[in-house]
Structures are given as C-alpha cells and as structure tokens.
There are 2 protein chains.
Amino acid sequence: MPQNPIVKALIAEQLVSDPASARGRLLHEAARLFREKGYERTTVRDLAAAVGIQSGSLFHHFRSKEDILKAVMVETIRLNTALMRAAAEQCATPLDKLRALVRAELESINGQTGEAMAVLVYEWRSLSQAAQTEVLELRDIYEALWLSVLQQLAAQGQLTADPFITRRMLTGALSWTVTWYRPERGGLTLDGLTDEVLRMLGLNAE
Amino acid sequence: MPQNPIVKALIAEQLVSDPASARGRLLHEAARLFREKGYERTTVRDLAAAVGIQSGSLFHHFRSKEDILKAVMVETIRLNTALMRAAAEQCATPLDKLRALVRAELESINGQTGEAMAVLVYEWRSLSQAAQTEVLELRDIYEALWLSVLQQLAAQGQLTADPFITRRMLTGALSWTVTWYRPERGGLTLDGLTDEVLRMLGLNAE
DNA sequence: GTCTATACATAGATAGAC
DNA sequence: GTCTATCTATGTATAGAC
C-alpha cells in the first residue's frame, strides 16, 4: 500500500489499481514485459506466468490481451497527471513549475512507473482505434498542464522558442532518457539530469 | 536511379540496394509497413503483397523475416552516415556543421528515408542479439560524427551543456518529430524547424 | 524467380470441472 | 478464481513444379 497520499486517493477512487491487488500486480508485470519485449512479442502465457497463474485464468480478469494494454496506459496517465499537477501546484514561479514538471516526468519515466510510461510512448500503434481515442482524451489533459506552464514562461520572455514546439522537443528528449539514463550506475542524479535539461533550454543560468 | 552522387556511389559499391531493384523496392515497402504497423504486426504475406508477389517467393530474396528488418536498418545507417558526413564536410565552423547535421537528420527522419529511420529507432528490440551487435557497430560511426562536432562547440564555449547528454537529448527530440511534424500542412519548413532546434540549444542568437 | 501447397509452431481465447 | 484441455486462426518457413 503506497504512502503517497495522491496515489492513495486515486486508489480509493478506483481510478488506478492497488499495486497489491491481483489486477495491480498483473498490470505492473504487463508493463514490464511490454516494455522489455514489446506488446506483440509478449504472449498471454508470458503474462500469466509472470503472476503465477495459467493463461486461461487471465481472461477472468480481462476480456482480451488488448484490454490489458489499454488498462496499463489509462492508469499510467491518470497516475502521472495527478502527480504532475501536484508537483506544479507547489511552485510559485513558472520557472519553478517547469523544473517540477521536468523532474516529475523524468521520475515517471525512469522510476517505478518507467516501464508503463515507455509502453505509453512506444506501443501506441498496438491499440485499436477506439482505445486510442479514449487514451488520447486523457493525454490531452496531461499535455495542457505542460503548455500552460510553457506559455507563462514565454509571456514573461524567459522562453524564446515556441511553447508547442518546445513541449514536443521535450517529450522526445525526456522519453528517450529511458534508453540511456542509468542512475544506479552512479554519475548523474535525477536532479542533475533535470538541471541539464533546463540548461539546454537556456533556462538555468538566467 | 537517384541523382545524388553520394547515393549513387553507395549503390555502385553495393553498400545499399538500388531502389529500382527488386530488393530495393522490397526494403522500401518493408520500412513503410514496419513503421506503420510495427515489425511484429507485419506479416510476410503483407510484405509480399506490397511488392506484388506471393509470400513463399520472399524467401528467395531473404533467408528470414528478421533478415529483412536487419537489411532495412543496415542500409539506412550506411546511407545516412554518408549523407551526414558529406553535409558536415561542406561547412567551415562547428556551429555550421551542427546546423548541417541537425538539418540532415531532420531530413532523414521526415523525408524519403523517414520510415526506415523510425524503424531503426523503434524496432530495435525485434532484432536478435547478434544482429543488434552488427547494427550497433555501424551506429557508433554515425554517433562519432555528432560527438566530434558537439565537442568542438563545447571547446569553443558555445555549448555549455555536456556534449554526450546534448546528443542524447537531440536524438530523442529529433526522432520524435516523426510523430508530429507535418511539413506538407504548411507552417514550419525544415529550415524553420532546424532553427527552432538550434534556438532551443541557445545556439542561434549568439 | 515466382507459383501453389503445405508443414509446423504458436498465438489468443473459450469451456467446463473443481 | 484457477485449473486443464482444447478450439481455431494465423504466423514463418519449406518443397517442388513451372
């Protein structure tokens, strides 16, 4: 049971699964496998084995394999939207808000929910059209958070590049960190990486 | 038959396939399908149908489906390494070289070879370990080009961020443009996008 | 070099017992 | 809620005729 009050509230409202529940554990293992092998290469037998049941038993919890992918994505966006909003709300200036967003997204990508975030980015094509639309609606809320902060920075003259394009560059750059950033190998911390990102945007020295 | 002398030379040396040949056309269609549906969701029947033959006939040209994926990747890296090197060699200053590299990579990603470049980035996991090693060797040459230029910029004090990290950020940001940049819809040109990237790095106004 | 036919494996999903 | 057993479809790859 997670200590983070934001996460606890989401579980209580049944917007995300309790990681200790059967459903929660399956989604966690699914995210790990989807990220490692890809959605298509992961079989329902792989998924079942990862939580110690037989493949037939999976379909008691989910109607289809795609349903599992969709659940991973939906719950991940819900969780991270709430975490990002909370992180930004605690900051006074737009620059501090941006730093908090970058830090939080890097944490999502490279921390506990990293596998799920990578799935969100790289397994998009495997979702049916209907499911894509549904997930996209949630993602729009998430993106609005970013744009609001970047537009404030642009209005203050601190950001000279276009806010929309900047966000897209950031999306690519931050999600890509999952392929190379290894905090456990020493060297760069998450705070250090956050600083590098802001320095790249010309927003740290000023 | 391509007019570009660099491409012509590569074809003459048999380092990349002639786009007009049976092999070249297949690799082009394969890149398109792998990018659109993903490698795993693309069947050998899809590949065969795209060039107007039966699936059994494919195996006269390639030993396996994975062999096709590997060929797409190998030829794409060879082609783009040559194009990037030529683009950088024509420039005098490190800043001009970087602009040329960014421009060339954006062109690769969003132009004719865009599908193949996306495959290179997003279908990495589908390659066997042995094939990954082989492709990785080629990619190291390509990346050395970038690092050399970024290190020159850092030595001159024009780049304040770390060259390695900057390249990784650029890799993510530039490859991600394939998901949103649509030059045909008007608005931003490739040169305009290149400028935005350099502005983001704080390297345009100075 | 392409065809047809098919071998062989493995995928997602279902049914009914416990 | 999980098991075993199995249906059915579809995947990659091969064989031999033309």
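An unreviewed UniProt entry lists chain A under the name TetR family transcriptional regulator, from Marinobacter fuscus.

A few points about the protein's contact with DNA strand D
DNA strand D sits among 14 residues. The nearest are Gln54 and His61 of chain A together with Val44, Arg45 and Lys65 of chain B. Restricting attention to atoms of DNA strand D within 4 Å of the protein, one finds that 65% of them are sugar or phosphate atoms. Breaking the surface near DNA strand D down by element, the ones donating at least two residues are helix H4 (55–61) of chain A together with helix H3 (44–50) of chain B. Of all the elements, H4 of chain A adds the most residues to the surface near DNA strand D, at three residues. Grouping the amino acids of the surface near DNA strand D by side-chain chemistry returns three nonpolar, eight polar and three charged.

Let's talk about the pattern of salt bridges
Within this structure, the stated rule accounts for 26 salt bridges over all chains. A salt bridge links arginine 103 of chain B to aspartate 191 of chain B, with the nearest nitrogen and oxygen atoms 2.7 Å apart. Of this pair, arginine 103 of chain B sits in helix H6 (residues 94–110) while aspartate 191 of chain B sits in helix H10 (residues 190–200), placing them 88 residues apart in sequence. Judged by its relative accessible area of 25%, arginine 103 of chain B falls in the partly exposed class. Shared partners join several salt bridges into a network, and the residues in it are Glu29, Arg32 and Glu36 of chain A.

Quick word on the packing of aromatic side chains
Per the counting criterion, the structure on display carries five aromatic pairs over all chains. Each ring, one from phenylalanine 34 of chain A and one from tyrosine 39 of chain A, has its centre 5.1 Å from the other, and the planes form 70°; the classification is edge-to-face. Residues phenylalanine 34 of chain A and tyrosine 39 of chain A agree in their burial class; the two are buried. Between tyrosine 122 of chain A and tyrosine 122 of chain B, the ring centres sit 5.5 Å apart and the planes meet at 50°, which makes this aromatic pair tilted.

Quick word on the relation of the copies chain B and chain A
Its rotation angle being 180°, the transformation that places chain B on chain A also includes 0.0 Å of axial translation and leaves an RMSD of 0.0 Å. What we have between these two chains is a two-fold relation. The overlap is high: 100% of the interface residues of chain B also sit at the interface in chain A, so the same surface is used on both sides.

Notes on helix H8 (residues 129–155) of chain A
Residue and element names in this part refer to chain A. If you check H8, its first and last C-alpha atoms are 37 Å apart, about what 27 residues at 1.5 Å a residue would give, namely 39 Å. Of the residues making up H8, those classed as buried are Ala131, Gln132, Val135, Tyr142, Glu143, Leu145, Trp146, Leu147, Val149, Leu150 and Leu153. Considering only its buried residues, H8 is in contact with helix H5 (65–89), helix H6 (94–110), helix H7 (114–122) and helix H9 (163–176). Count one or two residues on from H8 and you reach glycine 157, which has phi positive near 80°.

Here's the deal with the nonpolar core
It is characteristic of soluble globular proteins that their nonpolar side chains tend to be buried jointly. Ile68, Leu98 and Trp146 of chain A together with Ile68, Leu98 and Trp146 of chain B are the most contacted members of the largest nonpolar core, which has 121 residues in total. Per-element accounting of this core gives the leading share, 10 residues, to helix H5 (residues 65–89) of chain B. Excluding anything up to four places from it in sequence, leucine 98 of chain B contacts Trp146, Val149, Leu150, Leu153, Leu198, Leu201 and Leu203 of chain B. Grouped together as the second largest cluster of nonpolar side chains are six residues, Ile11, Val16, Leu79 and Ala82 of chain A included.

Regarding the UniProt feature "DNA-binding region" (unreviewed entry) in chain A
Following the UniProt record, the feature "DNA-binding region" (unreviewed entry) maps to residues 43–62 of chain A here. Measuring from the first to the last C-alpha atom of residues 43–62 of chain A gives 14 Å, for a span that is 70% helix and 0% strand.

Regarding the interface of chain B and chain A
Every contact between the two is made by 31 residues of chain B and, on the other side, 31 residues of chain A. Surface buried jointly by chain B and chain A totals about 2800 Å² across both partners, of which 69% is contributed by carbon and sulfur atoms. In this structure, arginine 41 of chain A engages glutamate 40 of chain B in a salt bridge whose closest nitrogen and oxygen atoms are separated by 2.5 Å. Our count for the chain B to chain A interface comes out at eight residue pairs in polar contact (both at pLDDT 80 or more). Every element with two or more residues in the side of chain B that touches chain A is listed here: helix H2 (22–37), helix H7 (114–122), helix H9 (163–176) and H10 of chain B. A total of seven residues in the side of chain B that touches chain A trace back to one element, the largest contributor, which is H9 of chain B. The class makeup of the residues in the side of chain B that touches chain A is 14 nonpolar, six polar and 11 charged.

Each value, and the rule that gives it
- Residues numbered from 1 in each chain as written.
- Chains lettered and ligands numbered in written order.
- Predicted model: local features only at pLDDT ≥ 70, side-chain atom pairs only at ≥ 80, totals over all residues.
- Heavy atoms only, no water.
- Near = heavy atom within 4 Å.
- Helix = DSSP H or I, 4+ residues; strand = E, 2+ residues; numbered from the N terminus.
- Nonpolar A, V, L, I, M, F, W, Y, C, P; charged D, E, K, R; others polar.
- Salt bridge = Lys/Arg side-chain N within 4 Å of Asp/Glu carboxyl O.
- Buried < 20%, exposed > 50% of the residue type's maximum accessible area, 1.4 Å probe, protein only.
- Phe/Tyr/Trp six-rings, centres within 6.5 Å; stacked < 30°, edge-to-face > 60°.
- Least-squares fit on C-alpha atoms with pLDDT ≥ 70 in both.
- Contact = heavy atoms within 4.5 Å.
- Expected span 1.5 Å × (residues − 1).
- Core = buried A, V, L, I, M, F, W, Y, C linked by side-chain atoms within 4.5 Å.
- UniProt positions renumbered as here; feature names shortened; annotations may be inferred.
- Buried area = accessible area lost by both parts, 1.4 Å probe.
- Polar contact = N/O pair within 3.5 Å; in protein donor to acceptor, adjacent residues only side chain to side chain.

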